[in-house]
Amino acid sequence: MVVNQFADISKDLYNQIKFIESRVKDDSFKDAVKLLSTAEKTCEHLESVMTPDNQLQTHIVNNRRLEIRWLHDNIEQGLKKKRKPVKKRLSK
């Protein structure tokens, strides 16, 4: 049962990450931030149900954490780009 639960949560997390990636590509960074916090909680839950000595499950969790970190960085960069003030040209 634990293996099935791990697989279900892993699949759900994968789908969440793909959806967040699509939001980032659409420049919907505020939505992506909210979804990312849910994905982080799901990843913690995935880690709690994994078998500690199972290297495959450990590898999957580590990869998902890495993907979440990349998304977090992409979202931060996207939000910074939108915050840049517009420089007005002085008329002569």
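Everything that follows concerns the structure shown earlier in this document.
Given the structure is predicted, the values throughout are model-derived calculations rather than measurements.

Novice: What is the right way to look at the overall build of the protein in this model?
Specialist: Scanning the protein for helices and strands turns up 3 helices and 0 strands. When the helices and strands of the protein are placed in sequence order, the string is α-α-α. Across the protein, every contact between residues at least 6 apart in sequence was considered, and the portion connecting residues at least 24 apart equals 69%. For the protein, the computed accessible surface area is about 7,200 Å², with 53% contributed by carbon and sulfur atoms.

Novice: Would you mind showing me how to read the nonpolar core here?
Specialist: In summary, soluble globular proteins display a tendency toward joint burial of nonpolar side chains. One finds Leu 13, Ile 20, Val 24, Ile 68 and Ile 75 to be the most contacted residues of the largest nonpolar core, which totals 18 residues. Mapped onto this core, the elements with two or more residues apiece are helix 1 (2-25), helix 2 (29-49) and helix 3 (55-83). A total of 7 residues in this core trace back to one element, the largest contributor, which is helix 2. Discounting residues that sit within four places of it in the chain, Ile 68 has contacts with Leu 13, Ile 17, Leu 36, Ala 39, Glu 40 and Cys 43.

Novice: Explain the pattern of salt bridges here, please?
Specialist: In a structure, side chains of opposite charge can pair up when their charged atoms sit close to one another. Taken as a whole and judged by the stated rule, the model has 5 salt bridges. With its nearest N and O atoms 4.0 Å apart, the salt bridge here joins Asp 26 to Arg 23. Taking relative accessible area as the criterion, Asp 26 reaches 51% and is therefore assigned exposed. With a closest N to O distance of 3.1 Å, Glu 67 and Arg 64 form a salt bridge. One end of the pair is Glu 67 and the other is Arg 64, both in helix 3 and 3 residues apart, which spans about a single turn. Of the residues examined, Arg 64 reaches a relative accessible area of 15% and is grouped as buried.

About the cut-offs
- Throughout this document, residue positions are counted from 1 along each chain, in the order its sequence is written.
- Selection of residues for local features in this predicted model requires a pLDDT of at least 70, selection of side-chain atom pairs for listing and counting requires 80 or more, and totals for whole chains, interfaces and linings are taken over all residues.
- In computing side-chain values, all of the structure's heavy atoms are included and hydrogens and water are not.
- Secondary structure elements follow DSSP: runs of H or I of four or more residues count as helices, runs of E of two or more count as strands, with numbering from the N terminus.
- Note on contacts: a residue pair is in contact if any heavy atoms of the two residues lie within 4.5 Å.
- What sets the accessible areas is the Shrake-Rupley method with a 1.4 Å probe; for residues, cover comes only from the shown protein chains.
- Buried Ala, Val, Leu, Ile, Met, Phe, Trp, Tyr and Cys residues that are joined via side-chain atoms within 4.5 Å together make up what is termed a nonpolar core.
- Under the scheme applied here, a residue whose accessible area is under 20% of the maximum for its type counts as buried, over 50% as exposed, and between as partly exposed, the area being computed with a 1.4 Å probe on protein chains only.
- Salt-bridge detection follows one rule: a side-chain nitrogen of Lys or Arg within 4 Å of a carboxyl oxygen of Asp or Glu.

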